[in-house]
Amino acid sequence: MTLFHLIKKDVLIVKKYVLIMLAAAVLIPPFMLWRAPQYTGILGFMLSVIFCVFMLLQYVSLKEYQFPKATTLLCATPYSRRMIVLSKYIFCMVTYMACCVIYGIETFIVPGLGSCDIKLFVLMFFITSVFIGIYLPVQYKLGYEKTKFAFVIVIMASPFILPQLMKMENVNLDFLSLFSPVLTYGGITLLSLGILAVSTFLSMRFYISVDLA
């Protein structure tokens, strides 16, 4: 229940942005389908996940930065710093899963988006894990003030970088069909979980050493 309450705390913090997140998750895939139909709905789904996960995470971090005494009081409660850090990662993954559900529903409604493809979800889980796996430890190490512009850079660069990556032959998702689906998807999922596990461990170590006084 401890983790549940910490995740609920983050959800309450971002409740004003939930509608914006939902709108972004719903509108970005069909918009990118219109602007870049050669990628069907893949590019739109990727951008919606990156935007929603980082937007909500950034807002939570902003509020914690603006009210440091609240964070200090929270750490003085039975909620350990390790649990607080772990809840951030779970919060990001819950946001990712929400984007997957929304996109899955959209594929049944919007013609041209294609169908729900486990390859896409697994690949995006890996990309999200890498982003979060790098961003959160750096933020816990350097602080929100020194990393706040990373969100703007990621959001502004993603629409330009992702299409270029998708033009590269070795990024084509079709190569995954050469291997056993269980081996491929299981391997990528385990690698993603490994990245998150290492990242969580680093974030916990950095956060434990932070002086909140």
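Going by the structure above, here's the rest.
The model shown is predicted, which means the values in this text are computed figures rather than measured ones.

1. Remarks on the side chain of threonine 95
Looking at where threonine 95 falls in the secondary structure, it is placed in helix H5 (residues 81-109). Given the relative accessible area of 6%, threonine 95 is considered buried. What threonine 95 contacts, discounting residues up to four positions off in sequence, is Met21, Cys52, Val53 and Leu56.

2. Considering the pattern of salt bridges
A full pass over the atoms with the stated rule returns four salt bridges. Aspartate 10 is paired through a salt bridge with lysine 88; the nearest N and O atoms lie 3.7 Å apart. In this pair, aspartate 10 is assigned in helix H1 (residues 2-13) and lysine 88 in helix H5, connecting sequence segments 78 residues apart. Here aspartate 10 falls in the buried class, since its relative accessible area comes to 0%.

3. Side note on the nonpolar core
Residues Phe45, Val49, Tyr96, Met124, Ile132 and Leu136 are the most contacted members of the largest nonpolar core, which totals 50 residues. With 14 residues, the single largest contributor to this core is helix H3 (residues 42-66).

4. Here's the deal with helix H2 (residues 18-35)
With 18 residues, H2 ought to run about 26 Å at 1.5 Å a step, and its terminal C-alpha atoms sit 25 Å apart, in line with that. The axis of H2 is deflected most strongly, by about 30°, at leucine 27, and proline proline 29 appears within four residues downstream. Among the residues of H2, Met21, Ala24, Ala25, Ile28, Pro29, Met32 and Leu33 are the ones counted as buried. Packing partners of the buried residues in H2 comprise H3 and H5.

5. So, the packing of H1 against H3
One can describe the packing of H1 onto H3 by two numbers: an axis separation of 9 Å at closest approach and a directional angle of 95°. On the basis of their axis angle, the class for H1 and H3 is roughly perpendicular. Contacts between H1 and H3 involve Lys9, Asp10 and Ile13 from the former and Tyr59, Val60, Lys63 and Glu64 from the latter. Among the residues making up the contact of H1 with H3, the classes are represented as three nonpolar, no polar and four charged.

6. A short note on the environment of methionine 55
Counting through the fold element by element, methionine 55 comes out in helix H3. Separated by 38 residues in sequence, methionine 55 and tyrosine 17 place their C-alpha atoms 8.5 Å apart.

7. Section: the packing of aromatic side chains
Tallied over the entire structure, the rule returns eight aromatic pairs. Judged by centre distance (5.4 Å) and plane angle (65°), the rings of phenylalanine 45 and phenylalanine 121 are edge-to-face. Pair noted here: phenylalanine 45 is in helix H3 and phenylalanine 121 is in helix H6 (residues 118-142), with a separation of 76 residues, a long-range link. Residue phenylalanine 45 shares its accessibility class with phenylalanine 121, and that shared class is buried. Where tyrosine 140 meets tyrosine 207, the ring centres are 5.0 Å apart and the plane angle is 55°; that geometry is what we call tilted. In this pair, tyrosine 140 is assigned in helix H6 and tyrosine 207 in helix H8 (residues 181-208), connecting sequence segments 67 residues apart. Chaining the aromatic ring pairs together yields one cluster made of Phe45, Tyr103 and Phe121. Above the face of the tyrosine 207 ring, arginine 81 is positioned so that its terminal group lies 5.5 Å from the ring centre.

Reading the values: the criteria
Residues numbered from 1 in each chain as written. Predicted model: local features only at pLDDT ≥ 70, side-chain atom pairs only at ≥ 80, totals over all residues. Heavy atoms only, no water. Helix = DSSP H or I, 4+ residues; strand = E, 2+ residues; numbered from the N terminus. Buried < 20%, exposed > 50% of the residue type's maximum accessible area, 1.4 Å probe, protein only. Contact = heavy atoms within 4.5 Å. Salt bridge = Lys/Arg side-chain N within 4 Å of Asp/Glu carboxyl O. Core = buried A, V, L, I, M, F, W, Y, C linked by side-chain atoms within 4.5 Å. Expected span 1.5 Å × (residues − 1). Bend = angle between axes of the 7 residues up to and from the residue. Axes fitted to C-alpha atoms, helices over the stretch in contact; angles between N-to-C directions. Parallel < 35°, antiparallel > 145°, perpendicular 65-115°, else oblique. Nonpolar A, V, L, I, M, F, W, Y, C, P; charged D, E, K, R; others polar. Phe/Tyr/Trp six-rings, centres within 6.5 Å; stacked < 30°, edge-to-face > 60°. Lys NZ or Arg CZ within 6 Å of the ring centre and 35° of its normal.

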